[in-house]
Number of protein chains: 2
Amino acid sequence: MGRMILPLCPHPHVSLSSYSTLPLKQISIRKIRNSVRALSITPFEMEQPMRGRALMEFPHLLAPHKDLMVGLISALDKRLHRHLLPSSATVPPEAEYYQNQSGASQGSLCINRGIDFILASWLRLSSPTGAMNITNIQGYLKSSTDAPHFQFELVQCSPTYFIFFLDLIPRKDLVLNPDYLKTFYEDSQLEALRKQLGTQVLEAKPYFSSSLYFRNVVSPTGIVVSITCEDGGTAGRAEEIIRDNIEPIANEVLEIWMDSCVCKGGTTTAGENERDQLEKRDRMIKSRAIEMDLSSSMPIQFGQEVADRVLGIIRGVFRL
Amino acid sequence: MGRMILPLCPHPHVSLSSYSTLPLKQISIRKIRNSVRALSITPFEMEQPMRGRALMEFPHLLAPHKDLMVGLISALDKRLHRHLLPSSATVPPEAEYYQNQSGASQGSLCINRGIDFILASWLRLSSPTGAMNITNIQGYLKSSTDAPHFQFELVQCSPTYFIFFLDLIPRKDLVLNPDYLKTFYEDSQLEALRKQLGTQVLEAKPYFSSSLYFRNVVSPTGIVVSITCEDGGTAGRAEEIIRDNIEPIANEVLEIWMDSCVCKGGTTTAGENERDQLEKRDRMIKSRAIEMDLSSSMPIQFGQEVADRVLGIIRGVFRL
């Protein structure tokens, strides 16, 4: 099936370096402020402040979890930076980092528009049983291509319990579109990578989301697993799994997405009708994602004002 | 969402008893012939020979597996017999029971047209490691309703290893049709039944079909599990699981299908375009099912002539 090479970036000549002298975003808790002050600004960061440091700090994660996040974001930057706008063009400082009144719940949001957009975030949520760390990277493409979106989420529920979700999200009904299935899934390494995790990490069990809708959004090669490490309550084994097993697979899936979806574009699409359908489907997925993940938990964790502010920005980018 | 009460049967007044005097189908191996001769014909069978005895014998199954099959088919008969035609109207004797030259591979096929059709079958396939028994019941509805199809398959790969598949197959893209998801899946007991099996049978593990296409056909509440019983190579635990856990769940899902899908009909559907789409999707699923399950294995197991005969009948009913 023919593939269209699609123009990637609507603003190919935006000089990102012009953003390098922007003042540091206002970051409101001392811990992060101090960390940021202590950071040495590297030449790379001087050239490409694609996102605020509140994101890249990942202050609460296990070291291999932070390394993984920084690695994925760096890989996106390296390959796509010419096609992305800095997050500051979309996310104001008060949403780049936010917290609740006590500071027990914190979050950071970063959105780079361009390809359609890349959203990266971390959330630390307080819970009666301890804190939970959610890290997330989503790559959404425009409706000029039907190529899958990218989804990565690693949720550290406790030092020994993780949920890991990694997928290229189909944008068409795969039952009705076997050529699409073949192009992006059957002819790719995605299934081999999904199996690899199962073989390497015996603690990984298929995870069934409580949302039946979400289960249907995931592709047949999507990785949705929970990982419980029996390790005397320490995070040693969890760190090992993230570093040795999750990181290489996440890196490879991201490369596949950038190679086969962002750079090559989609399958040959028909006229306006099909594009309307694609946009409708994309909108349904996004609106359900917000409804399911955020609209109820954000106000509880952060209060209505902060929740409205952050969700307002995400809804704007999601065109909801 | 409104539901349409759809007329079920195009031939509501066919007198099924008129078929009760048909000669017994020619059954070509001695073992089955003898079993059939030994059968006492009950009044129920006299009145309703909905299918040949080659099917209902289930000659190679563990006792609880046979009981389960007979129970499911009896439940279908009890509820739907007024809406179904006898299998002899569709399946000639030489396809009702068939075997390969040595008799090591055997099969039985039964198709009752009406609702659109119910297909029930068993297959005993020889393999280097022993025989494999596949039992299957599929309930397909017409395109005048969009209500899900019924799928049951229990594959006994060895005395201690089973694969179990039970689902109401969605006929629409659930991502684009959340109302459909709500009506048939979220508002039903299907998810509770799926969970029940996982809780009751610790040996049941999610099974990933090697066909990415098939994975996408299954609904989010579909049960697709493999069950390995560590029981010293005997079938004791497997028999227990089939009788105590699989049978009640299969019965309930079949009741849900007959209540909510066959008798109540589908969600309100729009015009001709939507019906075309539904038919196209149904056809894709059926053609992939034949391609995946049967078109390669049937000629190997039964020879080209038998395979052509049996597959020809199935393709005809599937309208492929």
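Residues numbered from 1 in each chain as written. Chains lettered and ligands numbered in written order. Predicted model: local features only at pLDDT ≥ 70, side-chain atom pairs only at ≥ 80, totals over all residues. Heavy atoms only, no water.

Chain A has the name Red chlorophyll catabolite reductase in an unreviewed UniProt entry, where Salix brachista is given as its organism.

**Quick notes on the overall build of chain A**
Per the secondary structure count, chain A includes 12 helices and eight strands. Of the contacts formed within chain A by residues at least 6 apart in sequence, a portion of 68% connects residues at least 24 apart. Only carbon and sulfur atoms are counted for the fraction: they give 52% of the accessible area of chain A, which is about 13800 Å². (Helix = DSSP H or I, 4+ residues; strand = E, 2+ residues; numbered from the N terminus. Contact = heavy atoms within 4.5 Å. Areas by Shrake-Rupley, 256 points an atom, 1.4 Å probe, with all protein chains shown as cover.)

**Quick notes on the packing of helix α10 (residues 272–294) of chain B against helix α12 (residues 304–318) of chain B**
Residues and elements named next belong to chain B. Relative to each other, α10 and α12 sit at 165°, their axes nearing to 10 Å. Judged by the angle between their axes, α10 and α12 are roughly antiparallel. Here the hand of the crossing between α10 and α12 comes out right-handed. The residues of α12 that touch α10, namely those facing Lys 286, Ile 290 and Leu 294, are Leu 311, Ile 314, Arg 315 and Phe 318. (Axes fitted to C-alpha atoms, helices over the stretch in contact; angles between N-to-C directions. Parallel < 35°, antiparallel > 145°, perpendicular 65-115°, else oblique. Left-handed = near helix turned anticlockwise from the far one by under 90°.)

**Thoughts on the interface of chain B and chain A**
Between chain B and chain A, the residue contacts involve 25 residues of the former and 25 residues of the latter. With both sides pooled, the region where chain B packs onto chain A buries about 2600 Å², and carbon together with sulfur makes up 65% of that total. Considering only the side of chain B, the residues that lose the most area to chain A are Val175(B), Leu176(B) and Leu212(B), jointly responsible for 27% of the buried surface there. Between chain B and chain A we count four salt bridges in total. Of the charged contacts, one joins Arg215(A) and Glu191(B) as a salt bridge, the two residues approaching to 2.5 Å between their closest N and O atoms. Contributions of two or more residues to the side of chain B that touches chain A are made by α6 (178–186), α7 (190–200), α8 (212–217) and α10 of chain B. For the side of chain B that touches chain A, the element with the highest residue contribution is α10(B), accounting for six residues. (Buried area = accessible area lost by both parts, 1.4 Å probe. Salt bridge = Lys/Arg side-chain N within 4 Å of Asp/Glu carboxyl O.)

**What about the relation of the copies chain B and chain A?**
One copy of the chain maps onto the second through a rotation about an axis and a displacement along it. Of the transformation superimposing chain B on chain A, the axial component is 0.0 Å and the angular component is 180°, with the fit at an RMSD of 0.0 Å. The superposition operator between the copies reduces to a two-fold rotation axis. Relative to the rotation axis, the closest C-alpha in chain B is found at Asp173(B), a distance of 2.9 Å. When the interface residues of chain B are mapped onto chain A, 100% of them again lie at the interface, so the same face is used by both copies. (Least-squares fit on C-alpha atoms with pLDDT ≥ 70 in both.)

**Side note on the environment of Lys280(A)**
If you trace the backbone, Lys280(A) turns up in helix α10 (residues 272–294). Using a relative accessible area of 42% as the deciding quantity, one classes Lys280(A) as partly exposed. (Buried < 20%, exposed > 50% of the residue type's maximum accessible area, 1.4 Å probe, protein only.)

**Structural notes on the pairing of strand β2 (residues 106–113) of chain B**
All names here are of chain B. With seven of its eight residues buried, β2 lies for the most part within the structure. In this sheet, β2 lies alongside strand β1 (residues 97–99) in antiparallel orientation, the contact comprising three bridges. Bridge pairing in β2 places Gln 99 opposite Gln 106. Counting the residues between successive antiparallel strands, the hairpin from β1 to β2 contains six residues, one of them, Gly 103, with a positive phi of roughly 80°. Hairpin connection of β2 to strand β3 (residues 116–127): two residues between the antiparallel strands, including Gly 114 at a positive phi of 160°. (Pairing = 2+ DSSP bridges.)

**Looking at the side chain of Asn112(B)**
Residue placement: Asn112(B) occurs in strand β2. There is a polar contact of 2.9 Å between the side chain of Asn112(B) and the backbone oxygen of Leu85(B). (Polar contact = N/O pair within 3.5 Å; in protein donor to acceptor, adjacent residues only side chain to side chain.)

**Focus on helix α9 (residues 236–263) of chain A**
Residues and elements named next belong to chain A. With 28 residues, α9 extends 38 Å from end C-alpha to end C-alpha; this agrees with the ideal 40 Å at 1.5 Å per step. Maximal helix bending in α9 amounts to about 40°, located at Ile 246; proline Pro 248 follows within four positions. Looking one or two places after α9, you find Gly 265, whose phi comes out positive at around 85°. (Expected span 1.5 Å × (residues − 1). Bend = angle between axes of the 7 residues up to and from the residue.)

**Structural notes on the packing of aromatic side chains**
Under the criterion given, the structure shown has 18 aromatic pairs over all chains. Ring centres of Tyr98(B) and Phe302(B) lie 5.0 Å apart, and the angle between their planes is 70°; this geometry places the pair in the edge-to-face category. Placement of the pair is Tyr98(B) in strand β1 and Phe302(B) in helix α11 (residues 297–302), with a sequence separation of 204 residues. With respect to class, Tyr98(B) is no different from Phe302(B); both count as buried. Here the basic side chain of Arg194(A) rests over the ring of Phe208(B), its NZ or CZ set 4.0 Å away from the ring centre. (Phe/Tyr/Trp six-rings, centres within 6.5 Å; stacked < 30°, edge-to-face > 60°. Lys NZ or Arg CZ within 6 Å of the ring centre and 35° of its normal.)

**Notes on the sheet that holds strand β7 (residues 204–206) of chain A**
Residues and elements named next belong to chain A. Strands sit in the order β1-β2-β3-β4-β5-β6-β8-β7 across an open sheet of eight strands; the sheet is antiparallel. Of all the strands in the sheet, the pair left with one neighbour each is β1 (97–99) and β7. For this sheet the average axis-to-axis angle between neighbouring strands, irrespective of direction, equals 15°. By the bridge criterion, eight bridges tie strand β2 (residues 106–113) to strand β3 (residues 116–127) in an arrangement that is antiparallel. When the sheet's bridge partners are listed, Cys 110 is paired in β3 with Ala 120.

**Notes on the side chain of Glu153(B)**
Residues and elements named next belong to chain B. Summarising the element assignment, Glu 153 is placed in strand β5 (residues 149–158). Polar contacts involving the side chain of Glu 153 include one to the side chain of Asn 136, which spans 2.4 Å. With residues near it in sequence (within four places) discarded, Glu 153 still touches Ile 134, Thr 135, Asn 136, Ile 163, Phe 164, Phe 165 and Asp 293.

**With respect to the sheet that holds β2(B)**
All names here are of chain B. Taken in spatial order, the eight strands make up an open sheet running β1-β2-β3-β4-β5-β6-β8-β7, and their pairing is antiparallel. In the strand order of this sheet, the two ends are held by β1 and β7 (204–206), each with one partner. For this sheet the average axis-to-axis angle between neighbouring strands, irrespective of direction, equals 15°. Sitting on the sheet, α7 touches β6 (161–169) and β8 (223–228), and the angle it makes with β8 is about 10°.

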